[in-house]
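Chain by chain, the residues run as shown.
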Amino acid sequence: SQELEQSPQSLIVQEGKNLTINCTSSKTLYGLYWYKQKYGEGLIFLMMLQKGGEEKSHEKITAKLDEKKQQSSLHITASQPSHAGIYLCGAGYGKLTFGQGTILTVHP
Amino acid sequence: DGGITQSPKYLFRKEGQNVTLSCEQNLNHDAMYWYRQDPGQGLRLIYYSQIVNDFQKGDIAEGYSVSREKKESFPLTVTSAQKNPTAFYLCASSWLAGVNIQYFGAGTRLSVL
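Residues numbered from 1 in each chain as written. Chains lettered and ligands numbered in written order. Predicted model: local features only at pLDDT ≥ 70, side-chain atom pairs only at ≥ 80, totals over all residues. Heavy atoms only, no water.

S.K.: Would you mind showing me how to read the nonpolar core here?
M.R.: Side chains that are nonpolar tend, in soluble globular proteins, to be buried together. Residue and element names in this part refer to chain A. Counting 22 residues, the largest nonpolar core has Leu19, Ile21, Leu32, Trp34, Leu74, Tyr87 and Leu104 as the members making the most contacts within it. Where this core is concerned, the elements lending two or more residues are β2 (10–14), β3 (19–25), β4 (32–37), β5 (43–49), β7 (61–65), β8 (71–76), β9 (85–91) and β11 (102–107). Setting aside residues up to four positions removed in sequence, Leu104 forms contacts with Leu11, Val13, Leu19, Ile76, His83, Ala84, Gly85 and Tyr87. (Core = buried A, V, L, I, M, F, W, Y, C linked by side-chain atoms within 4.5 Å. Buried < 20%, exposed > 50% of the residue type's maximum accessible area, 1.4 Å probe, protein only. Helix = DSSP H or I, 4+ residues; strand = E, 2+ residues; numbered from the N terminus. Contact = heavy atoms within 4.5 Å.)

S.K.: Just to check I follow, could you spell out the sheet that holds β8(A) for this structure?
M.R.: Strand pairing within a sheet occurs via backbone hydrogen bonds; the two strands may be parallel or antiparallel. All names here are of chain A. The 5 strands are arranged β1-β3-β8-β7-β6 in an open sheet whose pairing can be described as antiparallel. Since the sheet does not close on itself, it has two edges, and those belong to β1 (4–7) and β6 (55–58), each with one partner. This sheet shows a mean twist of 15 degrees between the axes of neighbouring strands, independent of strand direction. Where β7 lies against β8, 5 bridges are found, and the strand directions are antiparallel. Looking across to β8, one finds that Ala63 is bridged to Leu74. (Pairing = 2+ DSSP bridges. Axes fitted to C-alpha atoms, helices over the stretch in contact; angles between N-to-C directions.)

S.K.: Could you clarify how one ought to interpret the packing of aromatic side chains in this entry?
M.R.: One pair of aromatic rings is described through two measures. These are the centre distance and the angle between the planes. Under the counting rule described, the total for this entry stands at 11 aromatic pairs over all chains. Among the aromatic residues, those joined into a cluster by ring pairs are Tyr35(A), Phe45(A), Phe98(A), Tyr33(B), Tyr35(B), Tyr48(B), Tyr103(B) and Phe104(B). (Phe/Tyr/Trp six-rings, centres within 6.5 Å; stacked < 30°, edge-to-face > 60°.)

S.K.: Just to check I follow, could you spell out the pairing of β3(A) for this structure?
M.R.: Two faces belong to every sheet, and in a regular strand the side chains alternate between them. Residues and elements named next belong to chain A. Every second residue of β3 is oriented toward a common face, the buried set being Leu19, Ile21, Cys23 and Ser25 and the non-buried set Thr20, Asn22 and Thr24. Sheet analysis places β1 next to β3, joined by 4 bridges and oriented antiparallel. Bridge pairing in β3 links Glu5 to Thr24. Here 6 bridges tie β3 to β8, and the two strands are oriented antiparallel to one another. Across the sheet, Cys23 pairs through a bridge with Ser72, a residue of β8.

Here it is as structure tokens:
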């Protein structure tokens, strides 16, 4: 079965700093999803990547899938307190496997 | 407003009791899913259903049961056989064909009294 490893497990940054979260798979990724979760709430869909080398952006968040389709990164530019939360990567078709999540704290 | 509604938001279970978590969607999605989230862990799939009256076990189905009598509803019962039920439960739904992005409800937090 597919396993997803996220790094780092937690991240504390000062407002305005850039940051990157990684998601590494034990197998080729066919459909990679990034979600954000506020503590005690549901997951909010951010972006989906399918093709090797694909890159998508939404506001200040950019997600990339490497050419070999085994690693994805989520990059936040000029972080804000509103970016704080748990970021999860998920992969698969239908049944999703999730990474353990990365807890992001942004200090004003 | 289209979306996924989970209820209740908080639920307490006594020992030996079965409890049912509700999940309703009005997105006309074909597939529905139940996940369990424990602190410091990602989501683990309990059950999923791709069509009415049919469902499949996920990775951690023991101690849980589901039904899918209507397209829009996918209730999860946590039975007394589930010895460690304290967790955050999330329901999701998606289209089956094409890009099947899963959309999530707000979750139910279950605790044991």
